[in-house]
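The chain contents come next:
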Amino acid sequence: ILVSSTYAPNIKNMIGRDQNLSFSYSSVTMIASRIFAVIALAAHQASAFAPPPSLITKRTSALKAGEIGIIVEADVVPERMDEFLEMIENNAKGSRDEPGCLRFDVLRSNDDPNKFIFYEVYADAEAAAYHREQPHFKPWTEFKESGGVTSSVSKKATGVFLP
């Protein structure tokens, strides 16, 4: 962030001539560092809800033949949202570490803050089956069975489009 002394008079005119306005390098640096710290913290906290960088650079195109795509739509009970967010973060992180998991994204609807969509891609049917056997998957099953969602619909598809 650069603040030139030639721009300071124009800024003073914009906010009123009676205002005392001064910019020092240290104050601008301090503000910029605080802004960047807030952005970094927000990015870190959102890490479970975005694909890891390795997947972003690996591939963002269509499914390859034989890959399994799963889309889950879940409506979460509002009173259990904190429990859900913690559980799904652990599930997403654990899933991304599985050898056959190519992608596991958690998306929140823009229209309904209680609706979530999971977008999962596995190398093949065996990798998708392996996912359901993992310890980080069990809490999702238990959350659904305990009434944590009002609905949950899963759609499975096999890739046919070669990028």
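In case you missed it, the structure is sitting above this.
Summary of the structure given here. Just so it is clear, the model here is predicted, and its values are computed rather than measured.

1. Observations regarding the overall build of the protein chain
And then number 1: On a plain count of helices and strands, the protein chain comes out with 6 helices and 4 strands.
And then number 2: Along the protein chain, helices and strands appear, N-terminal first, in the series α-α-α-β-α-β-β-α-α-β.
And then number 3: Burial status across the protein chain gives 32% buried among its 163 residues.
And then number 4: At a minimum sequence separation of 6, the contacts of the protein chain that also span at least 24 residues come to 74%.
And then number 5: Accessible surface, the protein chain: about 10,700 Å² in total, of which carbon and sulfur atoms supply 58%.

2. Quick look at the pairing of strand β3 (residues 115–122)
And then number 1: As defined by bridge partners, strand β1 (residues 68–76) adjoins β3 across 8 bridges and the pair is classed as antiparallel. Across the sheet, the residue bridging to Ile-68 is Tyr-122, located in β3.
And then number 2: In this structure, strand β2 (residues 101–108) lies alongside β3, joined through 7 bridges in antiparallel fashion. When the sheet's bridge partners are listed, Arg-108 is paired in β3 with Phe-116.

3. Considerations on helix α5 (residues 125–132)
And then number 1: If you check which residues of α5 are buried, you get Ala-127, Ala-128 and His-131. Here the buried residues of α5 occupy an arc of 100 degrees about the axis, which is enough to place them on one side.
And then number 2: On its buried side, α5 packs onto β1, α4 (81–96), β2 and β3.
And then number 3: Where α5 starts, the residue carrying a side-chain oxygen 3.2 Å from the main-chain nitrogen of Glu-126 turns out to be Asp-124.

4. Considerations on the nonpolar core
And then number 1: Grouped together as the largest cluster of nonpolar side chains are 22 residues, with contacts concentrated most on Phe-84, Phe-118, Tyr-122 and Trp-140.
And then number 2: Secondary-structure elements contributing two or more residues to this core are β1, α4, β2, β3, α5 and α6 (138–145).

5. Considering the packing of α4 against α6
And then number 1: The interhelical angle for the contact between α4 and α6, taken along N-to-C directions, is 155 degrees, at an axis separation of 9 Å. Taken together, the axis directions place α4 and α6 in an arrangement best described as roughly antiparallel. The interaxial crossing formed by α4 with α6 has left-handed handedness. Residues Glu-83, Phe-84, Met-87 and Asn-91 of α4 form the contact with α6, whose own contacting residues are Pro-139, Trp-140 and Phe-143.

6. Digging into the environment of Gly-147
And then number 1: Within the fold, Gly-147 resides in the loop between α6 and β4 (149–158).
And then number 2: Here Gly-147 falls in the partly exposed class, since its relative accessible area comes to 36%.
And then number 3: In this structure, the C-alpha to C-alpha distance between Gly-147 and Val-76, residues 71 residues apart in sequence, is 9.0 Å.
And then number 4: Excluding residues that lie within four positions of it along the chain, Gly-147 makes contacts with Val-77 and Arg-80.

Criteria and cut-off values
Residues numbered from 1 in each chain as written. Predicted model: local features only at pLDDT ≥ 70, side-chain atom pairs only at ≥ 80, totals over all residues. Heavy atoms only, no water. Helix = DSSP H or I, 4+ residues; strand = E, 2+ residues; numbered from the N terminus. Buried < 20%, exposed > 50% of the residue type's maximum accessible area, 1.4 Å probe, protein only. Contact = heavy atoms within 4.5 Å. Areas by Shrake-Rupley, 256 points an atom, 1.4 Å probe, with all protein chains shown as cover. Pairing = 2+ DSSP bridges. Arc of directions from axis to C-beta. Polar contact = N/O pair within 3.5 Å; in protein donor to acceptor, adjacent residues only side chain to side chain. Core = buried A, V, L, I, M, F, W, Y, C linked by side-chain atoms within 4.5 Å. Axes fitted to C-alpha atoms, helices over the stretch in contact; angles between N-to-C directions. Parallel < 35°, antiparallel > 145°, perpendicular 65-115°, else oblique. Left-handed = near helix turned anticlockwise from the far one by under 90°.

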